[in-house]
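Below are the chains, spelled out letter by letter.
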Amino acid sequence: MWGGAELCSGAEDSEAILAVQAQGEANRCWTVIWSGFGPGQSFWLSWRKALVFPGIALPRRSGFTAGCIMKTQYPRYGWLMGLMLGGMFLFGIVGGRSADPAGVPRVVDPGPPPSDAIVLFDGRNLDAWESEQGGPARWRIEDGAMVINGTGNIRTRRAFGDCQLHIEWATPEKVEGEGQGRGNSGVFLMARYEVQILDSWRNPTYVTGQAGAIYGQAAPLVNASRPPGQWQTYDIIFRAPRRDGSGKVVRPATITVLHNGVVVQDHFEIQGSTYLERPQYESHPDKLPLVLQDHGNPVRFRNIWIREL
Ligand code: MG
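Residues numbered from 1 in each chain as written. Predicted model: local features only at pLDDT ≥ 70, side-chain atom pairs only at ≥ 80, totals over all residues.

Attention now moves to the overall build of the protein chain. Counting its secondary structure elements, the protein chain contains 1 helix and 21 strands. If you take every contact in the protein chain between residues at least 6 apart in sequence, the share linking residues at least 24 apart comes to 57%. (Helix = DSSP H or I, 4+ residues; strand = E, 2+ residues; numbered from the N terminus. Contact = placed C-beta atoms within 7 Å.)

Have a look at this one:
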């Protein structure tokens, strides 16, 4: 029995239930059950968790029995049961494999898209989207891509906070306009933090307004743009702002962006809504839709998926 208690107290992420029963005359007994041995806890520290109650003993000759059930950190041991019988302590495996111990990463098929991703657009329909003005999204679907057509911004029906986002986009092959007027769109995390989309192939503009910029706040580290008409990717890792009980932001939102596989934003601390000329944080819910901007240019999108973090 004591060997069992030591095993469970010394093993990380182990639990145990230990029962000791003292049997008196006429099948009356007292049973003591300890439960919840945590990592690093000694048997003696767990007295506070002990349950003591009278019970009816099974008929037996011995006046003392003890048993314990332990969940170990070792999957191949799983649950162990120990029993004191006739002065000997016996162990047996009773539970087979235990659940994955804490800290072991979940298995994800990387896809793409990864098996735990929420697919927002796979080329077939706009079911995951709606118009920012309400009602269904009305962007055109063409050759497996959704195309901006002047019907306004669209947003996801679902709301998201911390996330990993993959999105592919292409600015028009036929170049029209210049600067901010050329292939302009945008990905708005939480409907207010914009990663700029722009045809930034040999198209100078202000640096916090080019492709890969956090609009108005941070220029991309490099310009990794492909020529107009070609498919490009953003892989975005976003952490929503955190607030204290009074609503004050205690940790700003952060964002990492890979443009065509190249890091262009490296854990940038967003200063607030990119809609505002002087960015500041507005109060908003913990999760909000993802918005794609209709800036009047027929930018195309495909293969959009998101993983909640
Ligand atoms: Mg934009």
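Turning to unusual backbone geometry, a few remarks are in order. Pro-112 follows Gly-111 through a cis peptide bond whose omega is 10 degrees. Along the chain, the position of Pro-112 falls in the loop between strand S6 (88–93) and strand S7 (118–121). Residue Asp-143 is not a glycine yet carries a positive backbone phi of 50 degrees. Here Asp-143 lies in the loop between strand S9 (140–142) and strand S10 (145–147). Although it is not a glycine, Ala-191 sits at a positive phi angle of roughly 60 degrees. Checked against the element boundaries, Ala-191 lands in the loop between strand S13 (185–189) and strand S14 (193–197).

The subject of this paragraph is the pairing of strand S19 (residues 262–269). In terms of strand pairing, strand S18 (residues 254–259) meets S19 through 5 bridges, oriented antiparallel. From the neighbouring strand, Thr-254 faces S19, where its bridge partner is Glu-269. Between the end of S18 and the start of S19, which pair antiparallel, lie 2 residues, with Asn-260 showing a positive phi angle near 55 degrees. (Pairing = 2+ DSSP bridges.)

Here we come to the sheet that holds S14. With antiparallel pairing, the 5 strands of this open sheet are ordered in space as S8-S11-S20-S13-S14. Because the sheet does not close on itself, it has two edges, and the strands there are strand S8 (129–131) and S14.

Attention shifts here to the confidence of the model for the protein chain. This prediction gives the protein chain a mean pLDDT of 84; 68% of its residues lie at or above 70. pLDDT under 50 marks residues 1–13. Its contacts with residues more than four places away, or in other chains, come to 28 contacts. (pLDDT = per-residue confidence, 0-100.)

Within the secondary structure, Pro-228 sits in the loop between S14 and strand S15 (232–239). On the neighbour-count criterion, Pro-228 (19 C-beta atoms within 10 Å) is partly exposed. With near-sequence residues (within four places) excluded, Pro-228 lies in contact with Thr-171, Pro-172, Glu-173, Val-175, Gly-183, Asp-199 and Trp-201. (Buried ≥ 20, exposed ≤ 12 C-beta atoms within 10 Å, placed from the backbone.)

Here Tyr-193 shows up in strand S14. Judged by the 26 C-beta atoms lying within 10 Å of it, Tyr-193 falls in the buried class.

Another aspect to go through is the environment of Gly-209. Within the secondary structure layout, Gly-209 lies in the loop between S14 and S15. Along the backbone, Gly-209 and Asn-184 are 25 residues apart, and their C-alpha atoms lie at a distance of 9.5 Å. Among residues more than four places away in sequence, those in contact with Gly-209 are Gln-180, Gln-196, Leu-198 and Tyr-215.

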